[in-house]
Each structure stands twice: as structure tokens, then as C-alpha cells.
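Structural overview
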Number of protein chains: 2
Amino acid sequence: MGTQEDLDVIFHPKTVAVVGAPRKRPEGWPGIFGSICDYGYAGRLYPINPGAPEVEGIRAYPDLVSVPEPIDLVIISVPASAVPAALRDCIASGNRNVHIFTAGFKETGEEEGLRLHREIETIAREGGLNVIGPNCMGVFIPRQRLVTWIGAPEKSGPVAFISQSGGHAQDFTNFCARLGINFSTVISFGNALTLDSTDFLEYLADDPDTKIITMYLEGVKDGRRLLELVSQVNPTKPVIILKAGLTKAGTKAVASHTGSLAGGERMWDAFFKKSGAVQAHSLEEMAFLTLAFRHLGTTEGPRVAVIGHGGGIAVSAADACSRAGLEMPPFTPKAAKELRSFIPAGGNIIRNPIDAMPIFRDMETFQRMIDLVSSQPQIDMLIISLSLDWLYGLDKGRQIQKVTDYLSGPVGNDLHGKPFVASWRTHRNNPAIREVGCRLEKQLLESGVPVYRGFEQASMTLARWARYHQFLHARGLK
Amino acid sequence: MGTQEDLDVIFHPKTVAVVGAPRKRPEGWPGIFGSICDYGYAGRLYPINPGAPEVEGIRAYPDLVSVPEPIDLVIISVPASAVPAALRDCIASGNRNVHIFTAGFKETGEEEGLRLHREIETIAREGGLNVIGPNCMGVFIPRQRLVTWIGAPEKSGPVAFISQSGGHAQDFTNFCARLGINFSTVISFGNALTLDSTDFLEYLADDPDTKIITMYLEGVKDGRRLLELVSQVNPTKPVIILKAGLTKAGTKAVASHTGSLAGGERMWDAFFKKSGAVQAHSLEEMAFLTLAFRHLGTTEGPRVAVIGHGGGIAVSAADACSRAGLEMPPFTPKAAKELRSFIPAGGNIIRNPIDAMPIFRDMETFQRMIDLVSSQPQIDMLIISLSLDWLYGLDKGRQIQKVTDYLSGPVGNDLHGKPFVASWRTHRNNPAIREVGCRLEKQLLESGVPVYRGFEQASMTLARWARYHQFLHARGLK
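The notes below deal with the structure included here.

Rules used throughout
- Residues numbered from 1 in each chain as written.
- Chains lettered and ligands numbered in written order.
- Predicted model: local features only at pLDDT ≥ 70, side-chain atom pairs only at ≥ 80, totals over all residues.
- Heavy atoms only, no water.
- Helix = DSSP H or I, 4+ residues; strand = E, 2+ residues; numbered from the N terminus.
- Buried < 20%, exposed > 50% of the residue type's maximum accessible area, 1.4 Å probe, protein only.
- Contact = heavy atoms within 4.5 Å.
- Lys, Arg positive; Asp, Glu negative; His and termini not counted.
- Charge placed at Lys NZ, Arg CZ, Asp CG, Glu CD.
- Pairing = 2+ DSSP bridges.
- Axes fitted to C-alpha atoms, helices over the stretch in contact; angles between N-to-C directions.
- Least-squares fit on C-alpha atoms with pLDDT ≥ 70 in both.
- Salt bridge = Lys/Arg side-chain N within 4 Å of Asp/Glu carboxyl O.
- Parallel < 35°, antiparallel > 145°, perpendicular 65-115°, else oblique.
- Left-handed = near helix turned anticlockwise from the far one by under 90°.
- Nonpolar A, V, L, I, M, F, W, Y, C, P; charged D, E, K, R; others polar.
- Phe/Tyr/Trp six-rings, centres within 6.5 Å; stacked < 30°, edge-to-face > 60°.
- Lys NZ or Arg CZ within 6 Å of the ring centre and 35° of its normal.

**Some points on the overall build of chain A**
Looking only at helices and strands, chain A features 17 helices and 18 strands. Expressed as lengths along the three principal axes of its C-alpha atoms, the size of chain A is roughly 80 × 45 × 40 Å. When the 478 residues of chain A are sorted by exposure, 62% land in the buried category. The long-range share in chain A, meaning contacts at least 24 apart out of those at least 6 apart in sequence, stands at 75%. For chain A, the distance from the average position of its 50 positive side-chain charges to the average position of its 50 negative side-chain charges is 6 Å.

Rendered as C-alpha cells:
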């Protein structure tokens, strides 16, 4: 069997064994085995512990050889010094798919860790094992109800996450769940003893449940293969990558964390330019980007119109969009004249960005504005900017609800096929306004509208999303 | 009387008149006059309205000439076409200090607006008026209970804000109030007909109530004077500036907003380098910077130690600090050995950043860590990084409370005089954890500890705060 067929087994595991499932839950955390039980794993679960007849009420076995059926995924959670013996037990029992949770190998940079690393590498290579890890959280597969940590989101979705960090696997999936984004397959693979990001990427390229691929990479063993794979996958399944260790301090931290070689910044710049992959600089940025790719169609270019209220904030919006790489074309004299016919001059600015208080007082005017701006051929997409402090002051939130209801659905009739995102902000220390903001956010997200807090998020995200589509257009890839 | 003496009157106004105070409050907003009443202005207030005997229960006068005493600040809130007559009334009544709220002048870029601009400019110059505005919100002086908008913070504090935008004056002071930062004097000055940012800066330089000066600038009339003033003030009162319109789209938006010339990016780069002023790129950044300057003492250099838990997040921290311009020196072999004596090897990283779970389980270990790291001569300051999702999982927040209590006070005994900030984050969709985070934030802020959400905020802020102090050191200015 090849690696890809093995990965198909790993990502649809009907049987899981945990070597080192403890008799009792550790203090302050359910542990790997407890977490798997609590999340309600859908397959058959085997605790391996020579000193316990059962664990969490499930019959335990002294070793893998004693288990009466083949194990699709063996999870090893014993001290580092006991990992070699556990791997030999995998080989003896004919179980080739292994996740090593245990840390304390090459990432320590210390002699004993390096020795153990060499030992398990030899065992794994000679025994033909597929190893996820060591020093990682392994797989999270919502559809199989399999996860090794607490607090994971409940739902499945079309996004995959290949993460060298277990903490990031938890944080990113949780943060995305708040944005209504869910996952098909999540892999935390740590030191990458045998299986590397490229193996997972190759699998996910053909996985029908996965439409968007996100990655957190500290190092990669075969850069050329990564470039080839990403270039090939990216046009149909956008690949969004947070590459860590691009700074001097980051490179050192990467070595301490997963013992990886981070690679130089210039090399990675070239990688992103060549492959067209979307670069993120933090988990949060990656989540905001995923949100855009999840809900927006496509775009012809980076030309945006910003529609909102407030002069200073319009200037901030223009600066933020410009810095992010978006263009803000002016309206034609004809369009400006039409705008002036229903937006009075005093205190309103009908250039781009638009600062027009009247549209927020009357929904018909709002609709007319969206319709007119969207119809402009030199505008590719819209940012609707909502100043909640001011809108709330009007009528305690009723107008905000009207705007939200319109943006959640009917707006589609006025957009002339153009994509849009919403951006909201509140600065007042008023819990009622923040509450209204969170409700607005929830309703828009549930309606498939990307919504962001402030212009930095909105403009950064739209700019990179647009650049992705421009890349594909320029190369005739769509 | 010179401008500076006039400004002293404007900023301590015992009498205020509002020309155009409406008989009835406008819909959905109390209006300028209503806002002044609602906030509870401490001086004597005169509504000017020829058609009303009283406004909001206060005796009204038909014009300024009829008012029985001198007015320290006249606020003009009539249609643009009526502003020239109102200014002539100021001159006739001997009242020279004027805030013009009204918009519709040169910022429109349209013929009538430009003509009116020239007209009021001539009247103001010839009459020797001190004009704040037009097209702005004027002054907000908490100690005099004077403000022209709703929802302003209640307290006074040591920060001043000179803002060309009225919306930003509201948003920034509100956002700062959430961080426990309050204001001595806030000025929104719009089109800057006669009084410009430099006039206000000169006044605030000697204002005993002001310790930190923040500015939002779209344009400036006398760049050389600004450079001289900022260079002179900055060493004793840090000057933090958000300069808008540094991009192509931003420059255009600035022209539409306050009719200002934004100036080129290169010129402003040189300005910041020469003056040592602290640059912010958004209102939020400016608030985070103000928070650091408000509470932190000084620093020898930009060398930071990060103390937290989690391998991936440690890498993110290293990248964020490095990108921001902070250095992360390694610990000496002696210090590393001592760290290893109480932090076990497995799963913990005792390089910089430190990833050490045990310190969050036991306060004595936490204290020992802070003490040891702070005592290192190559470390200038600390970031304490708190992963609330994980900490909350331990015991539903009791440990977080212990850490918060320690960081709110006793930590001072272990810091060897080094400054520190806290950084927290939660990614889980758990309202209880967010609630705990907000409590932590509140308690730390009330204890004078700068606390940030995530590393981008914390590292950006510390880096620029440190650069300010390095600038002063390098020039022998402290």
C-alpha cells in the first residue's frame, strides 16, 4: 500500500488504539484518551496499558499484539524513552499508521533527544511506518468524532488545516468556528519524522470533502515538491499558508519547537510568488482570509468602493485600502451627478470612499447607493462600513437591524454580481452597542457575508483574496 | 492678547454661546447645544436664536451683541451661508474665540464652498478671530464638563488629543477610556481656518494637566514649525501622531474631508526620524501606544524576553517581536542551567521565548521565573503571554485569577526594575473564557499594567515605545 492509501485509512479510522492510556485522568486535563472519549469517537477504541484491565470503562490490552483486530491509527502517549519499544510493538502487530504525541526528541537540541530521534527514525524507516509526529496533537476529524484535545468545534466543514503546531491546530479551528468556518480534516504533525506537510497536501488535493487548504508551516523537507503540489492544487483549492520563522528570532524558535529548518525569507517570497499561494502573517489573518475564500465568488481586479459614514474614518479607510494594495477608482462625472441627486452636499462626500449619512437613515437611499455604485464598470467589489456608535445613537439599534437584514439577503439584487464584505466598529464603552455588533456579525456570517472588525482586517483580506484571483486570471488558470 | 493666552481662555471657558441653538432637538441626536446640556457644562451657557425666547429652558438671545457678558468660546452651528454674518456678530460683540461646527466650505471642492471659505477667511483675519474649524466638533474639556457630542467619557486625565477629525476625536477618546486612559483637552479642528495643530501643540507644551500629546493630522500649514515644536516637546511629553493621507487614495480622501494638503510620505518619514515623534497607523494603534507611555517608565534598549506557554505561539511571538523591531537575546548558559533546575525538559522550551507550562500551575515557580529572567542584564523588558483557553481548562479560571493578582502588584518585587506588559488571547467560542479575559484586562489596567490582546499589539507597541527612549538616549535628551 502507498502512503496516500494509508492516509485515507488514517483520515477515516474505524479503529484507534492509544498506547499509554492512563488508568486515571491526569490532573486539570482529560488527557489524550479522555479527550477522545469525551468528544465521542465514532469507531472502536482500544486503550493499551499493561497495568490496567480497563480504562474509562473500556477493556484495555497490555500491548498492540494482543488487540484482536487491525488498528487504523495507533496513538503513542508514553515517555520519550519508551517510544522505541512502542514503535516495535506497532511493527510486530502489523499496524503501520502511528501518531506519536510524545515530545522530547530533536526539538530539545539536547544529546538524549537527538539520540532518541535517530533511534525512532531508523525503526520507523525499517518497519515502513507512517508516522505523524512526534511532538504533536495528531489528527482532528470531526466527521469521525476524533480529536485528542478539549473544546474542539462540533461541526464538519470544507476547510482542511495542515499544522506543524498542535496549539495552533486548536486555536485556529476554534477561532474559525467563531466565524462559522468548519473543518474536514486537521493534522498537527510536529517534528515530521516520516510524514510531512507535502504528504498531507497531496492527499487533501483529491479529498472530496476539502475545498480550501490552510497550512501552518515551520519547515519543510522537500521544498521543490511543496512548490509543485501547491502550484497544482491552488487554482482549484485555494492554499492559504502561515509560514513561521521568517525572522531571525522566529527561525531560532522554530528550531526549538519542532527541530525544523525554517528556510530563508527570500526563498519563501519566491515560493509565494511562483505558486500563487495566499500568505498569512498570523492565525487571525489566516482565519479572515479563509472567511473570504469560503463565501466570495471571484473578482476581475482589486478596484474597491467603500461606502460608509464619517469623514475621518473615510480617510482611514482610503489609507488602509491603499496600503493593502487595493485601488479606489473615482466615480465617473455621470455617476457623481446621479449620486448628488439623492445625497445632499453638506457634510457628505460622494467621492470614493463615500461618506454619506443619509443612506443610513433610509433603506431606500441605501439600496439606491449600493445599486448605483455596484453598477459602475470600474468597481470590482464593495466594502460596506458600519459605524455602530453613531448608528446606535439614532434609535438604539433598530436601524442597525434594518441594515443587517438587508445585507443578509436582499442586497444580492442590487450588487450587479459584485462581491462585498461588511466592516463594523464600535469605540464606545457601551455593552449594548457591542452586543448589537455581535448580533450583526452573527447574522451576516450565517448568511454567508464575510464581516470584519475594522478596515485593517477588511482591506488586508480583500486585497489578498483579489490578488489570488488576479494571479489565476493572468496565467489563464481560470 | 496673543493666541496662546486666547487658547488658555478657550480651554478654560467660563462662558459658552451656541449660535444657532435650535428651538427643538434634531431627530436622532441631541445636537451641539443638547449635547453640551446633557454632559453638564460647568460654566454659563448662552443659546443664540433670534426666534426663540429660550432653548432647553435656558434664556436665549437674538445675537451675541445682546449677551450681557463676554463669551470665552462662541460655537457657530448655522448653515454655511449664514456663517459670515455670525462671524461679523462675533467681531461686533468683541468675542474673538470661535468654533465653527458648520461644514460646506473648501472641503467640498465646489465653487460655492470655496467662495464661502475665502469670505470667512477674510472676515476672520481682518477681525482678529481665533477660529477652530470650520467643519469640526471643536473642544472636549472634561474638567469644564464641555463637549459637543454624545457618549463622551466622564473622567479627566493626562492625555491631550489634537485631531483634525471630529469622528476620530469621539472614537479615540472612547476607545482610550476602555483602556483606562483619559484626557485633559481634546480639540477637533477640521479645516484649520486660522488655528492649526501647531497652535494647539504650542499651548499644550506648557499645559500642566497634559503629560502625553496625541495627534491626528491630515495636513499641516507650517511643516517647519511643527517639526520644531514636536522636536522640542517630545523629550518631556511624548508626541504620538497618526498622520493620514500617506497613500495615494488617502491623499485624495484628505482633500475631500478637510480640504488639506496631505504632504508626501517621504517628507513625513523624515519628519518622524528627525523629531523622534512616535508614529501610529490607526486610532487603535495610537491608543495601544498611549497605554504604554501612560504606564511604563523607561528602557535601556529593545531587548525583550517573552514568557508564556505553547510552542507554536512561542514561534508566533518570536516572529511578531522580530518583525516589530524588538530583539530577543538568548539566556546565558548559567541562566539556562538555573532555569532547567526548576523547569523540566519534556515539552518545555527554556530559550527565549520561554514555553513553560509548569509556571502556570504554581505561582512560586512563576515568580521564580520572572525574577530570574528580569535579573538578566541583557534583557530590557518582558512580555508575559497568557493563553486563556488552556489556563481556563485547568480549573475554570482560578489559576488565571492568581496570575492576575500577582501581575497586578506583587510582581513589582521580582522585576528588578524592568518594565513589562501582559498579552492575552482566547480563540475558543466560550463566553465564560472571554468574560475571564475581560476581568483580567480590567484588573491589570486598573493596576497600571499595559495589557494587550495578542502579540501583534503587544510587540508593535513595545517596539515603538522602546525606540522613543532609544532616540532620547542617543541624543542625550534624558
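The structure having been displayed, the exposition proceeds.
**Comments concerning the sheet that holds strand S2 (residues 44-48) of chain B**
All names here are of chain B. Across the sheet, 5 strands lie side by side as S2-S1-S5-S6-S7; this open sheet has parallel pairing. Pairing within the sheet leaves two strands with one partner each, and these edge strands are S2 and strand S7 (130-132). Strand-to-strand twist across the sheet, computed as the mean angle between neighbouring axes with direction ignored, equals 20°. Note that strand S1 (residues 15-19) and strand S5 (residues 73-76) share 4 bridges and pair parallel. Counted as the bridge partner of valine 16 is leucine 73 from S5.

**A closer look at the relation of the copies chain A and chain B**
Overlaying chain A with chain B gives an RMSD of 0.0 Å, the required rotation being 180° about an axis along which the chain moves by 0.0 Å. Here the copies are linked by what is in effect a two-fold axis. A shared interface surface links the copies, since 98% of the contact residues of chain A are contact residues in chain B too.

**Describing the pattern of salt bridges**
All names here are of chain B. According to the stated counting rule, one finds 32 salt bridges over all chains in the structure shown. Between aspartate 199 and arginine 225 there is a salt bridge, with the nearest N and O atoms lying 3.2 Å from each other. Note that aspartate 199 is positioned in helix H6 (residues 197-205) and arginine 225 in helix H7 (residues 223-233), a separation of 26 residues in sequence. Aspartate 199 gets classed as buried once you look at its relative accessible area, which sits at 12%.

**A look at the packing of helix H15 (residues 398-407) of chain B against helix H16 (residues 431-446) of chain B**
Residue and element names in this part refer to chain B. The contact between H15 and H16 brings their axes to 9 Å, and the two run at 15°. Judged by the angle between their axes, H15 and H16 are roughly parallel. Considering only the axes of H15 and H16, their crossing is right-handed. Contacts between H15 and H16 involve Ile400, Gln401, Thr404, Asp405 and Leu407 from the first element and Val436, Leu440, Gln443 and Leu444 from the second. Considering only residue class, the contact of H15 with H16 consists of 5 nonpolar, 3 polar and 1 charged.

**A look at the pairing of strand S14 (residues 304-308) of chain B**
Residue and element names in this part refer to chain B. In terms of burial, S14 is a largely internal element, 5 of the 5 residues being buried. The sheet contact formed by S14 and strand S16 (residues 381-387) spans 4 bridges and is parallel. Looking across to S16, one finds that isoleucine 307 is bridged to isoleucine 384. Where S14 and strand S15 (residues 354-355) come together, 2 bridges link them in parallel fashion. Paired with glycine 308 across the strands is aspartate 355, a residue of S15.

**Comments concerning the packing of helix H1 (residues 3-10) of chain B against H6 of chain B**
Residue and element names in this part refer to chain B. It is the contact of H1 with H6, at a shortest axis distance of 10 Å, that shows an interaxial angle of 75°. Relative to H6, the element H1 lies roughly perpendicular. On the side of H1, the interface is formed by Thr3, Gln4, Leu7 and Asp8, while H6 contributes Asp199, Phe200, Glu202 and Tyr203. In the contact of H1 with H6, the residues fall into 3 nonpolar, 2 polar and 3 charged.

**Details of the packing of aromatic side chains**
By the definition in use, this model includes 34 aromatic pairs over all chains. Measuring from ring centre to ring centre gives 5.1 Å for tryptophan 268 of chain A and phenylalanine 271 of chain A, while their planes differ by 65°; the resulting arrangement is edge-to-face. Here tryptophan 268 of chain A pairs with phenylalanine 271 of chain A, and both are found in helix H9 (residues 265-275), just 3 residues apart, close to one helical turn. Considered together, tryptophan 268 of chain A and phenylalanine 271 of chain A belong to a single accessibility category, that of buried residues. When the centroid spacing of 5.0 Å and the interplanar angle of 85° are considered together, the rings of phenylalanine 293 of chain A and tyrosine 468 of chain A count as edge-to-face. Remark: tyrosine 468 of chain A occurs in helix H17 (residues 455-474) and phenylalanine 293 of chain A occurs in helix H10 (residues 283-295); sequence separation between them is 175 residues. Per residue, the accessibility class of phenylalanine 293 of chain A equals that of tyrosine 468 of chain A, and both read buried. An aromatic cluster is present here, built from Phe11, Phe189, Phe200 and Tyr203 of chain A joined pairwise through their rings. In this structure, arginine 145 of chain B is placed above the aromatic ring of tyrosine 39 of chain B, and the distance from its NZ or CZ to the ring centre is 3.9 Å.

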